Amino acid sequence: MQKPRIITGFSRMAPEEKLRQVTSRFKDPAAALKTITSFLHPDQSIQKILSEFSENTLTNFAMPYGMAPNFLINGEVFMVPMVIEESSVVAAASAAARFWADRGGFSARVRGKEKNGQLHFRFTGDAGRLEKAMPAVEAYLREKTLPMAANMARRGGGITSMMLKNRPEIEPNYFQLFVNFETADAMGANFVNSVLEEFGVGLKDFFYETPGFAPSEYEPLMAILSNHTPGCLVEVSVECPVGELGLVGGLEPEEFVRRFELAVRVAQGDVHRATTHNKGIMNGVDAVVLATGNDFRAIEAGAHAYAAQDGQYRSLSHSSSENGIFRFWLEMPMSLGTTGGLTKLHPLAALSLELLGHPGAERLMMIAGSAGLANNFAALRSLVTTGIQAGHMRMHLPNVLMQLNASDEEMKMAGAYFADKKPSHQAVAGFLKKIRDGS
């Protein structure tokens, strides 16, 4: 058996050596090297910025940066930047935005921006005594973190509350110091984690200095923010009289609404449908989150935890039609920032925020939420009328043609031929074969 190729000190190697180590593992090292280096940015100053975002950077993984125009949100029109590799997402968002712009647009509001984090620890002393000491603990810890919280406090943020949670159902003698934060226009992860880690040290100091407690009774486990942020919520909605929906996919408006609402109810009750339903929402949300330099993994984690908060995973969006008014709305947590992190460092993220009018965190939450609702509406509209594959595959047609090495002329002919047909991979391959056979 061949000995595994373990590399020592890869992170300390020069870029050229890292490339050699990686490309030597390919069948054609020269071709691999050419492909990898072709994605480096020609401007070395920009490449330096990009390279420093992550560890062991060899090149850049390019993603399409597109625009969805005509988002009318709270009476203001936005052109929304979206970073995503699936063309149908941007097309769907654009179509839904235009549809609702003629019917009043999106209404959005933020119902809180509170984040939270926990100091996890074991305490073998008297739990009742610790509970009674919490006012003194809180005052002590707040005083200890005043210097590191000063900048955040000047921006209107800081610690909003803290509580002790005794969790013996998880582990004997296990406790949490549960802390809520306001982080203004920053996502705030570094601030929250820094404060919590300081709390971990400060709590030990408190036990050392306070009669009735002993440091030996205390074992800090970890200090970390939570991406479950039910106190950081955005709500986005669209509504209009049912009759103003017009003919939708060949359906009369009343029939469309009936089928649409049934589809939403299915997503409320069935986990298989709810998962795909919410993925459609995240198509739009994630694309805006990426374009503005925010953490889409954190948003995903929080959204899915919120969708399952009652013990069953459910749809994040809802629909109703009462008194002749159709309403479709989305409620989800969304911890975003417009200062710090990549929001200013990444050149395109900075441009995205400029394009959106330099929004604060609340406005960005409303924009991203609107994109999510737009994509969800577009997907459901297709599903309950014409089906999703016709439009999806039509948008996917250029990708299929590239995979089949179609020429520019063949692409043009295929675009015309499949304008009113479903372009499956097999159908496109068959069409190209006929062209190439001269038939």
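Whatever comes next refers back to the structure up there.
Residues numbered from 1 in each chain as written. Predicted model: local features only at pLDDT ≥ 70, side-chain atom pairs only at ≥ 80, totals over all residues. Heavy atoms only, no water.

**Student:** Can you break down helix 17 (residues 425-436) residue by residue, with the values?
**Tutor:** With twelve residues, helix 17 ought to run about 16 Å at 1.5 Å a step, and its terminal C-alpha atoms sit 16 Å apart, in line with that. By the burial criterion, the buried members of helix 17 are Val428, Phe431 and Leu432. Viewed along the axis of helix 17, the buried residues span an arc of 95 degrees, placing them on a single side of the element. Residues of helix 17 that are exposed and angled more than 90 degrees away from the buried face: Gln426, Lys433 and Lys434. Of the residues one or two after helix 17, Gly438 is the one with positive phi, at around 85 degrees. (Helix = DSSP H or I, 4+ residues; strand = E, 2+ residues; numbered from the N terminus. Expected span 1.5 Å × (residues − 1). Buried < 20%, exposed > 50% of the residue type's maximum accessible area, 1.4 Å probe, protein only. Arc of directions from axis to C-beta.)

**Student:** Can you explain the sheet that holds strand 9 (residues 317-322)? Please cite residues and give values.
**Tutor:** Ordered in space as 3-8-10-9, the four strands form an open sheet in which the pairing is antiparallel. Two strands in the sheet have a free side with no partner beyond their single neighbour: strand 3 (107-110) and strand 9. With direction set aside, neighbouring strand axes in the sheet form an average angle of 15 degrees. Both strand 8 (residues 233-241) and strand 10 (residues 325-333) contribute to a ladder of nine bridges, which runs antiparallel. Bridged to Val236 within strand 10 is Leu330. Together, strand 9 and strand 10 form the strand contacts of helix 9 (residues 253-269), whose direction differs from that of strand 9 by roughly 140 degrees. (Pairing = 2+ DSSP bridges. Axes fitted to C-alpha atoms, helices over the stretch in contact; angles between N-to-C directions. Contact = heavy atoms within 4.5 Å.)

**Student:** Can you lay out the nonpolar core for me, pointing to particular residues and giving the numbers?
**Tutor:** Counting 66 residues, the largest nonpolar core has Phe71 and Met332 as its most contacted members. In terms of residue count, helix 14 (residues 361-383) provides more of this core than any other element does, eleven residues in total. Residue contacts for Phe71: discarding those within four places in its chain leaves Glu76, Val77, Phe78, Val80, Ala93, Ala97, Phe106, Ser370, Ala371 and Ala374. Formed by 32 residues, the second largest nonpolar core is a distinct cluster that contains Met152, Leu177, Phe191 and Ala223. (Core = buried A, V, L, I, M, F, W, Y, C linked by side-chain atoms within 4.5 Å.)

**Student:** Please give an account of the sheet that holds strand 4 (residues 114-123) that cites residues and values.
**Tutor:** In space, the four strands of this open sheet follow the order 5-6-4-7, with antiparallel pairing throughout. Edge positions in the open sheet fall to strand 5 (158-166) and strand 7 (218-226), since each of these has one partner strand only. Strand-to-strand twist across the sheet, computed as the mean angle between neighbouring axes with direction ignored, equals 20 degrees. As defined by bridge partners, strand 4 adjoins strand 7 across eight bridges and the pair is classed as antiparallel. Opposite His120, over in strand 7, you have Met222 as the bridge partner. In the packing of helix 8 (residues 189-209) onto the sheet, contacts are made with strand 4, strand 5, strand 6 (174-182) and strand 7, and the angle to strand 7 comes to roughly 165 degrees.

**Student:** Kindly report on the packing of aromatic side chains, identifying the contributing residues and their values.
**Tutor:** For the structure shown, the criterion picks out 22 aromatic pairs. Between Phe99 and Trp100, the aromatic rings sit 5.3 Å apart at their centres with planes inclined by 80 degrees, giving edge-to-face as the arrangement. You can call Trp100 buried: its relative accessible area is 0%. For the pair Phe260 and Phe377, a centre-to-centre distance of 5.6 Å together with 40 degrees between the ring planes defines the contact as tilted. (Phe/Tyr/Trp six-rings, centres within 6.5 Å; stacked < 30°, edge-to-face > 60°.)

**Student:** Talk me through a nonpolar patch on the surface; I want residue IDs and the actual numbers.
**Tutor:** A contiguous nonpolar surface patch, about 230 Å² in accessible area, is contributed by Ile49, Leu342 and Leu345. With respect to the helices and strands, Leu345 occurs in helix 12 (residues 342-345). With relative accessibility at 51%, the residue Leu345 sits in the exposed group. (Patch = residues over 30% accessible without salt bridge, like charges linked within 9 Å, V, L, I, M, F, W, Y side chains within 5 Å. Areas by Shrake-Rupley, 256 points an atom, 1.4 Å probe, with all protein chains shown as cover. Salt bridge = Lys/Arg side-chain N within 4 Å of Asp/Glu carboxyl O.)

**Student:** Describe the environment of Leu348, listing the residues and the values that go with them.
**Tutor:** Here Leu348 lies in helix 13 (residues 347-355). As a C-alpha pair, Leu348 and Phe10 span 338 residues in sequence and 30 Å in three-dimensional space.

**Student:** Describe the packing of helix 1 (residues 15-23) against helix 2 (residues 29-38), naming the residues involved and giving the relevant values.
**Tutor:** Where helix 1 meets helix 2, the closest approach of the two axes is 9 Å, and the angle between their N-to-C directions is 130 degrees. Here helix 1 is positioned oblique relative to helix 2, judged by the angle of their axes. Where helix 1 crosses over helix 2, the two elements pack in a sense that is right-handed. In this structure, helix 1 contributes Leu19, Val22 and Thr23 to the contact, and helix 2 contributes Pro29, Ala32, Leu33, Ile36 and Thr37. (Parallel < 35°, antiparallel > 145°, perpendicular 65-115°, else oblique. Left-handed = near helix turned anticlockwise from the far one by under 90°.)

**Student:** Which residues make up the environment of Leu245, and what are the values?
**Tutor:** Mapping Leu245 onto the fold places it in the loop between strand 8 and helix 9. Sequence separation between Leu245 and Val428 is 183 residues, and the spatial gap between their C-alpha atoms is 35 Å.

**Student:** Give me the lowdown on the pairing of strand 6, citing residues and values where you can.
**Tutor:** For strand 6, a buried count of eight out of nine residues is recorded, marking the element as mostly surrounded by other parts of the structure. Here nine bridges tie strand 4 to strand 6, and the two strands are oriented antiparallel to one another. Considered in strand 6, the bridge of Asn116 is made with Asn180. For strand 5 and strand 6, the ladder comprises eight bridges, and the chain directions are antiparallel. Counted as the bridge partner of Ser161 is Asn180 from strand 6.

**Student:** Please give an account of helix 11 (residues 296-307) that cites residues and values.
**Tutor:** Compared with the 16 Å implied by 1.5 Å per residue over twelve residues, the 16 Å span of helix 11 between its first and last C-alpha is a close match. Among all positions in helix 11, only Ala298, Ile299, Glu300, Gly302, Ala303, Tyr306 and Ala307 are buried. Structurally, helix 11 contributes buried residues whose contacts are with strand 8, helix 10 (271-291) and strand 10. Its side-chain oxygen placed 3.0 Å from the backbone nitrogen of Arg297, Asp295 serves as the N-cap of helix 11. (Polar contact = N/O pair within 3.5 Å; in protein donor to acceptor, adjacent residues only side chain to side chain.)

**Student:** Go over unusual backbone geometry with me, naming the residues and quoting the values.
**Tutor:** Backbone geometry at Ala184 places phi at a positive 55 degrees, although glycine is not the residue there. Its place among the elements puts Ala184 in the loop between strand 6 and helix 8. Relative accessible area serves as the criterion here: at 12%, Ala184 is assigned to the buried category. Positive phi, close to 55 degrees, is recorded for Asn323, a residue that is not glycine. Here Asn323 lies in the loop between strand 9 and strand 10. With relative accessibility at 81%, the residue Asn323 sits in the exposed group.

Everything listed here is a matter of geometry and, on its own, says nothing about what the molecule does.
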